[in-house]
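# Tertiary structure, described
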Amino acid sequence: MSNKIACTHCHLEFSEDVMIVDGTHYFCCNGCQGVFHLLSDEGLSSFYDKTGDIKLSPPTHQYEDSTNFNAPAFYDKFVKLNSDGFNEVSLIIEGIHCSACIWLNEKALHKMEGVVEANINFTNNKATITWVDSIVKLSEIIDMIRAIGYNAYPYDASLQEVHANKERKEYYLKMAVAIFASMNIMWIAVAQYAGFFSGMTKDMKTILNIAEGVLATPVLFYSGWVFFRGSYYGLKNRVVNMDLLVATGASLTYIYSVYITITELGEAYFDSVSMIITFVLIGKFLEVISKKNAADTLDIITKHLPSEINVVRDEKIVSIKLEDVVVGDIIVIASGEKILLDGIISKGEGFFDESSLTGESKPIYKGLEENIISGALSIDADIHYKASRDFEHSTLSNLVSLLETAINKKPRIEQLANKLSEHFSTVVLLLSIGTFFVWWIWPHSFEESLMVAISVIVIACPCALGLATPVATLVGLNLGAKKGILFKEAAQLETMAKVDVLLVDKTGTLTVGKPEVIKENTFDGFDIKLLYSLVKSSKHPISQGIKNHIIQAAEDIDEIIFDEFSQLSARGIVAKYKTNEIIGGNLQLMSEFGIEYVYESDESLFCFAINKQVVAVYELSDTIKEGASELVKFLANKDIQTIMLTGDHQQSAQKVAQHIGIKEVNYELTPQDKLAFVESLQSEGKVIVMVGDGINDILALGRSDIGIVMGSGSDIAIDVSDVVLLNDSLDSLLSAFKISDTTFKLIKQNFGISLVYNAVTIPLAMAGYVIPLIAALSMSFSSLLVVGNSLRIKYKWKRS
Amino acid sequence: MDNWVIVMMLIVSLFLGAIALFAFMWGVKNGQFDDQEKYLNATKFDNVEDLQAAVEKEKKLEELRKKSYRPE
């Protein structure tokens, strides 16, 4: 082994003899060299001072022509005109490793004539670029990004995302004002309370009241605006909500306090005004940040589909837009590509992975004149096929439109907080009105009765109630995030705790989804190098399974370059090395080459022969993930029914089900069947959690109350579901159930605490025993109790 | 007299606090807290050149703005 030297541009290390030497610099490839010179020419070489030792990905990628970014259709979809009359696009920049990359991209773009602004977000790699279209075209901008070693592709910064960011910012500002004012009011209140007990002049009291009033005003009218807005919409829909209670409580207290300040009678409650608003606003903010942006389904789908497709026109291969393909066009598919339109194969043959549509785990061989359906994936087939339907009518688009309706029909389970707060708010408002009249009729002055009535509202301040759910769910979300479980919305934790039925997909969910070697037999003459080189060159899942098996067992196997090599569809691989004839494949292939070999097994077989002598046999099978039976047992104890839904055959479905202990199995289901199954269970009033990973599950995932998807699942499935298990393990599925259980318990406890608390304090307030100090203290105290209780669970969970 | 001392102290301290609050709100509105990493790292790379580049960028923006508003 010779010395390894780092490439000047990307810092990846290679041995000296393969490097390109350029003066004192070494480069691993032409791409890196090109970028380096470009940066020097542009005067941007200080980039390398900034990167330090961070390794970049070398810019080896060959890109297609970028002029299609200038197409009017593209502009229509992604480019906006901003208020200054400049063009604006949102891009995702690929290949960003460090803040130096951000610096470089921004600098390089700013140097371009006509580019007004380039702003890249480091956290999510999203960029907003503004330019003048008459000076520079978008394609040139993209070319520049590519030239310096990155790639950019557009995304639709949908209105929803913009809206969500705006809402969050609004809350930040409102909270800043509220917290600032409340904290200042607190220290003024200290002086007031000290004066309340030790006595102070009326003038002094008025001064302090005015100061508090000045601070409380922006809190009520600026920060508290959301509550006025919320109660207005609530009343419009004839609902008494928490917002109404907060808004009436705060504004009545405010008016009363202003009156007291002017007339210099009694005690002002400005501190309560700002504290109510601040606490409940924080609770509301927590809710806002943990809410999922309602998925824009159309956007989801188009995002994941390439918009162009290669067809043969006039003897040439051209790429045209998906929508422009007409029935009868000949479409070209290379291995690894996705089939987007239904059709009939006219040239070529090979294996297709239809598991995303049918759930069938084994690759399917298709030859001439056979049908292929959109949504399938070509594993090793380079084919031409004739489109039998246009995109609008293809199986894939049908799926998409079904998906949209499925998501729209998704049931929303009413949250405990909403149910409770409605009753709570009504009761408190009625009690307060009642108190006022009782005190007034009983001979008391108007002021006195009003003060008592207001103290009822203040003491029953829904702070604790408002914080109960958000704080608990936040703890739950954090617990989940630490274990690789992403809940997209806080409310899902509560829904999941109410689950009746768990539906699981088989392939990729309960099983690994890829064949793994379960038995290995090697005989004399076996050469691992030959086998490794043979299986490495095939993309077939069986070959990949064996390759992974070999890599796990041994490291550093030198690869051999074969003299001759060919893949025989559906059977295996044949190669020549020096004088040796090497064959790897199934029993059928062996007998075709005249090798007599008998081996009995239910599993998929891979035989490896050198010079017509079988030297190794591998049995491969899709293995069941760890923790599957524990999961089923846990759920059974909780009276949650587990049902398996799979598109696979009865035999393989039942084998897995038996092994895990699932009693009810539904097999050979299409995506639509799965959806229908979910619907029928839901019509029985059951709450359903569905776990899946592929496109064949998306309809069911979208429709069920909670859709859980494996992190390695298809992108669309991840987008339509509510919970993502990042590490794909069934253990984290189990944890997800446990976390949601704990969280729901916590929410109930928190409600319990705040309700009991109110049950004690409200009668005191109605009897007129509550002075402002107690009202303010008790408010903070109840909120602290709720927050403390939520944190307690966090530590308890950590210990266990 | 005592009362006025209190009033002055209240006004001055609340005023100072309000300045900080407005500075923070300006920062939030300006997007300075949108991307923590970038703004924190920006201090590391701070130099005269970049400052110069930023000024030039502003100039360019101004120019382009003028141009695009020119009636044709």
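Along each chain, residues carry numbers from 1 onward, in the same order as the chain's sequence is written. The order in which chains are written sets their letters, starting at A; the order in which ligands are written sets their numbers, starting at 1. The predicted nature of this model means local features are confined to residues of pLDDT at least 70 and side-chain atom pairs, given and counted, to a pLDDT of 80 or more, with totals for whole chains, interfaces and linings taken over all residues.

## A closer look at the overall build of chain A
Secondary structure is summarised from DSSP: a helix means a run of H or I of at least four residues, a strand means a run of E of at least two, and numbering begins at the N terminus for each. Regarding its fold elements, chain A presents 28 helices and 31 strands. Each residue is classified by how many other C-beta atoms fall within 10 Å of its C-beta atom, where C-beta atoms are placed from the backbone; a count of 20 or more means buried, 12 or fewer means exposed, and values in between mean partly exposed. By the burial criterion, 42% of the 800 residues in chain A qualify as buried. C-beta atoms are first placed from the backbone for all residues, and any pair lying within 7 Å is then listed as a contact. Residue pairs in contact within chain A that sit at least 24 positions apart in sequence constitute 67% of those at least 6 positions apart.

## Observations regarding unusual backbone geometry
All names here are of chain A. Despite not being glycine, N611 has its phi angle at roughly 50°, a positive value. Note on N611: 11 C-beta atoms within 10 Å, which makes it exposed. Unlike most non-glycine residues, D639 shows phi in positive territory, near 65°. Among the secondary structure elements, D639 is positioned in the loop between α22 (628-637) and β27 (641-645).

## Details of the nonpolar core
All names here are of chain A. The term nonpolar core means buried Ala, Val, Leu, Ile, Met, Phe, Trp, Tyr and Cys residues held together as one set by C-beta atoms within 7 Å. Grouped together as the largest cluster of nonpolar side chains are 123 residues, with contacts concentrated most on V273, A468 and I708. With twelve residues, the single largest contributor to this core is helix α27 (residues 730-766). Among all residues touching I708, those that are not within four sequence positions of it are V689, M690, V691, S721, V723, L725, L733 and A736.

## As for the interface of chain B and chain A
At the interface, 22 residues of chain B touch 26 residues of chain A. Sorting the residues of the side of chain B that touches chain A by element identifies α1 (2-29), α2 (36-44) and α3 (48-69) of chain B as the ones contributing at least two each. Here the side of chain B that touches chain A gets ten residues from one element, more than from any other, and that element is α1(B). Class assignment for the residues of the side of chain B that touches chain A results in twelve nonpolar, four polar and six charged. Under the convention adopted here, Pro, Cys and the residues Ala, Val, Leu, Ile, Met, Phe, Trp and Tyr are nonpolar, Asp, Glu, Lys and Arg are charged, and Gly plus all remaining residues are polar.

## Details of the confidence of the model for chain A
Summary statistics for chain A give a mean pLDDT of 78 and a share of 88% for residues scoring 70 or more. A residue's pLDDT is simply how confident the predictor is in it, with values from 0 to 100. Looking across chain A, the model is least confident in helix α11 (residues 297-304) of chain A, with a mean pLDDT of 48, and most confident in helix α7 (residues 202-223) of chain A, with 88.

## Details of helix α9 (residues 242-263) of chain A
To estimate the expected span of a helix, count its residues, drop one, and scale the result by 1.5 Å. The terminal C-alpha atoms of α9(A), which comprises 22 residues, lie 31 Å apart, in line with the 32 Å expected from a rise of 1.5 Å per residue. One or two positions beyond α9(A), positive phi appears at A:E264, with a value near 55°.

## Thoughts on the environment of A:S319
Mapped onto the secondary structure, A:S319 falls in strand β11 (residues 316-321). In sequence terms A:S319 and A:V332 are 13 residues apart; their C-alpha atoms lie 9.6 Å from each other.

## A closer look at the sheet that holds strand β15 (residues 364-366) of chain A
All names here are of chain A. Only strands joined by at least two bridges in the DSSP assignment are considered to pair. Reading across from one edge, β15-β14-β17 is the order of the three strands in this open sheet, with antiparallel pairing throughout. The strands lining the two open edges of the sheet, one partner per strand, are β15 and β17 (377-378). Sheet topology places strand β14 (residues 350-353) next to β17; two bridges connect them, and they run antiparallel. Along β17, the bridge assignment pairs D353 with L377.

## Side note on the packing of α9(A) against helix α15 (residues 446-459) of chain A
Residue and element names in this part refer to chain A. Put simply, α9 and α15 touch, their axes get as near as 10 Å, and they point 145° apart. Between α9 and α15 lies a crossing of left-handed hand. Contact residues: α9 offers G249, L252, T253 and Y256, while α15 offers L450, M451, I454, I457 and V458. In terms of residue class, the contact of α9 with α15 is made up of seven nonpolar, two polar and no charged. For every element, the axis is a line fit to its C-alpha atoms; helices are fit only across the contacting stretch, and the angle between N-to-C directions ranges from 0 to 180 degrees. Crossing handedness: left-handed means the near helix sits turned counterclockwise from the far one by under a right angle, and right-handed means the same turn made clockwise.

## Observations concerning the sheet that holds strand β19 (residues 485-487) of chain A
Residues and elements named next belong to chain A. If you trace the seven strands from one edge of the open sheet to the other, you get β19-β31-β30-β29-β20-β27-β28, paired in mixed fashion. With partners counted over all chains shown, the strands left at the sheet margins are β19 and β28 (664-666), one partner each. Within this sheet the neighbouring strands show an average axis-to-axis angle of 20°, counted without direction. Judged from the five bridges that link them, strand β20 (residues 501-505) and β27 form a sheet pairing that is parallel. Bridge pairing links D505 to L645 in β27.

## A short note on helix α1 (residues 30-42) of chain A
Residues and elements named next belong to chain A. Look at α1: 18 Å from first C-alpha to last across 13 residues, which is about the 18 Å you get at 1.5 Å a residue. For α1, the full list of buried residues reads C32, V35, F36 and L39. What you see down the axis of α1 is that its buried residues fit within an arc of 100°, all on one side. Every exposed residue of α1 that faces more than 90 degrees away from the buried side is listed here: N30 and D41. The elements touched by buried residues of α1 are β4 (25-27) and α2 (47-51). The directions considered for the arc run from the helix axis to the C-beta atoms.

## Topic: the confidence of the model for chain B
All names here are of chain B. Of all residues in chain B, 82% attain a pLDDT of 70 or more, and the chain-wide mean is 78. When mean pLDDT is compared element by element in chain B, α1 scores highest at 89, while α2 scores lowest at 69. Of the two predicted TM-score estimates for the complex, the pTM is 0.65 and the ipTM is 0.77.

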